[in-house]
Amino acid sequence: MREALVVGGASGIGLAIALQLAERADYHIVHIVDRAQLPEDICHEKFRCHQFDLTSEDYAFFDRFGNIDTLMITAGFGHLALFKDLTEDYIVNIMNVNATAVMRLVSRFYDRIASSGDFYCGVMVSIAGFMSSPFFSVYGASKAALKIFIESVNVELEKAGFSNRILNVSPGSIKGTGFSQGKTDLSLTYGLAAEIIRHLEEKDDLFIPQYEEIFKTVLQRYHDDFRAEGRHSYEYKLNSGRVKNG
C-alpha cells in the first residue's frame, strides 16, 4: 500500500490533490503538511495532518515520512503588487517559501527520487516562472528559480540512469484557490488535480495547463519580444481589476 505527502495540502489545489489520492484504493495514507489547519468541514480517514512552517530552519521534521512514494509540493504564496511596494521581509519570506523550501524538500527525499524504485515528485510552479511578470516581480523570480532547478535536476537524473522525474506544474491563474486572497472551491480545482496526478504518475517533467489554448501563444510572444510582452502583461493585470493602480 502506498503513502503520499502533500506539502501545502490544507487548501486550494493541494487539498484537491490530497483528496483525490485519498479516494484511491492503492493509497492507504495521505500526509498533509501545512502551516494552516485543514478546514473543519473537510476530513478523510486516510488523512494524517501535520503543522509545519516552511520558513523553519530545521527540516528534520520530514524524516518521519520515510515510507512515502509520492511527494507533491503545492505550498507557496504571492500577491499582485509593484516591486516598490514590497517590504524586505516579504522578499525574504517569499523566496524562502516558494523556492528555497522546495529545494530543501527535494534534497531531503533525493535518495528516493534518485533510485531504481518508483517515486513520484511534483511541484506547483507557475507560468510566471517562464516570463517577465510585472506586479509579480519577486513571485515570478521565485518560480523562475524553481523552473531552472527542476530542469537541471531532471537532466542529472536522466544522465545517472534513473527514470524518476520531478514534475513542474506551471499553470496560470487557478480559480478556486486561496491565491491572491481567493477562497478554496474544490469543485473548481478537482479537474486540474486529476490532470496533475496523471502527469505525475506518467513521470512527465512539465505540465502547463491550457498550453495549447493560451500559453503556447503567450510564450511565443515573449520569445519574440520580451519587452513588448512585459508591457502587455503590465496592462493586462492593471485592467483585470486585481490591482488598484499602477
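In the block above lies the structure referred to throughout.
Since this is a predicted model, take the numbers as computed values, not measurements.

Parameters at a glance
- Residues numbered from 1 in each chain as written.
- Predicted model: local features only at pLDDT ≥ 70, side-chain atom pairs only at ≥ 80, totals over all residues.
- Heavy atoms only, no water.
- Helix = DSSP H or I, 4+ residues; strand = E, 2+ residues; numbered from the N terminus.
- Rg over C-alpha atoms; globule rule 2.2 N^0.38 Å.
- Contact = heavy atoms within 4.5 Å.
- Areas by Shrake-Rupley, 256 points an atom, 1.4 Å probe, with all protein chains shown as cover.
- Salt bridge = Lys/Arg side-chain N within 4 Å of Asp/Glu carboxyl O.
- Buried < 20%, exposed > 50% of the residue type's maximum accessible area, 1.4 Å probe, protein only.
- Pairing = 2+ DSSP bridges.
- Core = buried A, V, L, I, M, F, W, Y, C linked by side-chain atoms within 4.5 Å.
- Axes fitted to C-alpha atoms, helices over the stretch in contact; angles between N-to-C directions.
- Parallel < 35°, antiparallel > 145°, perpendicular 65-115°, else oblique.
- Left-handed = near helix turned anticlockwise from the far one by under 90°.

> Which residues make up the overall build of the protein, and what are the values?
Of the regular secondary structure elements, the protein holds seven helices and seven strands. Taken over C-alpha atoms, the radius of gyration comes to 18 Å for the protein, in line with the 18 Å a tight globule of 246 residues would show. Seen along its three principal axes, the alpha-carbon backbone of the protein occupies a region of about 50 × 45 × 35 Å. Of all intrachain contacts in the protein linking residues separated by at least 6 positions in sequence, the fraction that spans at least 24 positions is 70%. Total accessible area on the protein stands at roughly 12500 Å², and carbon and sulfur atoms take up 50% of it.

> Account for the pattern of salt bridges, with residues named and values stated.
This model, assessed by the stated rule, comprises 12 salt bridges. Lys203 is the salt-bridge partner of Asp118, the closest N and O atoms lying 2.6 Å from each other. Here Asp118, found in the loop between helix 3 (110-113) and strand 5 (120-124), pairs with Lys203, found in the loop between helix 5 (186-201) and strand 7 (206-207); they are 85 residues apart in sequence, far enough to count as distant. Looking at Asp118, the relative accessible area reads 47%, which means it is partly exposed. With a shortest N-O distance of 3.9 Å, Glu212 and Lys216 are connected by a salt bridge. With a gap of four residues between them, Glu212 and Lys216 both fall in helix 6 (residues 211-224), about one helical turn apart. Via salt bridges that share partners, Arg2, Arg24, Asp26, Asp69 and Glu201 belong to a single interconnected network.

> I'd love a proper account of unusual backbone geometry, names of residues and values included.
The residue Lys203 is not glycine, and still its phi comes out positive at about 60°. Among the residues examined, Lys203 registers a relative accessible area of 18% and is labelled buried.

> Run through the pairing of strand 1 (residues 2-7), naming residues and quoting values.
Side chains on a regular strand alternate between the two faces of the sheet. For strand 1, a buried count of six out of six residues is recorded, marking the element as mostly surrounded by other parts of the structure. Across six bridges, the pairing between strand 1 and strand 2 (residues 27-34) is parallel. For Arg2, the partnering residue across the bridge sits in strand 2 and is Tyr27. Bridge count between strand 1 and strand 4 (residues 70-73): four bridges; the pairing is parallel. Residue pairing across strands places Ala4 opposite Thr70, the latter belonging to strand 4.

> Mind laying out the nonpolar core, listing which residues take part and the relevant values?
The biggest cluster of nonpolar side chains holds 31 residues, and the ones touching the most others in it are Leu5, Val7, Leu54, Phe62 and Leu71. Among the secondary structure elements, those contributing two or more residues to this core are strand 1, strand 4, helix 2 (88-108), strand 5 and helix 4 (137-159). Those residues in contact with Val7 that lie beyond four places of it in its chain are Val33, Leu54, Phe62, Leu71, Met72, Ile73, Thr74, Ala75 and Leu105. Counting residues in hydrophobic clusters, the runner-up holds 30 residues, among them Ala10, Ile32, Met72 and Phe207.

> Summarise the packing of helix 1 (residues 12-22) against helix 5; cite the residues concerned and give the values.
Relative orientation of the contacting elements helix 1 and helix 5 amounts to 65°, with a least axis distance of 8 Å. The angle between helix 1 and helix 5 places the two elements in the roughly perpendicular class. As helix 1 runs across helix 5, the sense of the crossing is right-handed. Contact residues: Gly12, Ile13, Leu15, Ala16, Ile17, Leu19, Gln20 and Leu21 in helix 1; Leu186, Thr189, Tyr190, Leu192, Ala193, Ala194, Ile196 and Ile197 in helix 5.

> Got a sec to walk through the sheet that holds strand 1? Specific residues and values, please.
Within the open sheet, the seven strands sit side by side as 3-2-1-4-5-6-7. Their pairing is parallel. Among the strands making up the open sheet, the edge pair consists of strand 3 (47-51) and strand 7. Pairing of strand 2 with strand 3 involves five bridges; the strand directions are parallel. Note on strand 3: the bridge partner recorded for His31 is Arg48. The strands touched by helix 1 within the sheet are strand 1, strand 2, strand 3, strand 4 and strand 5, with strand 2 carrying the most contacts at an inclination of about 165°.

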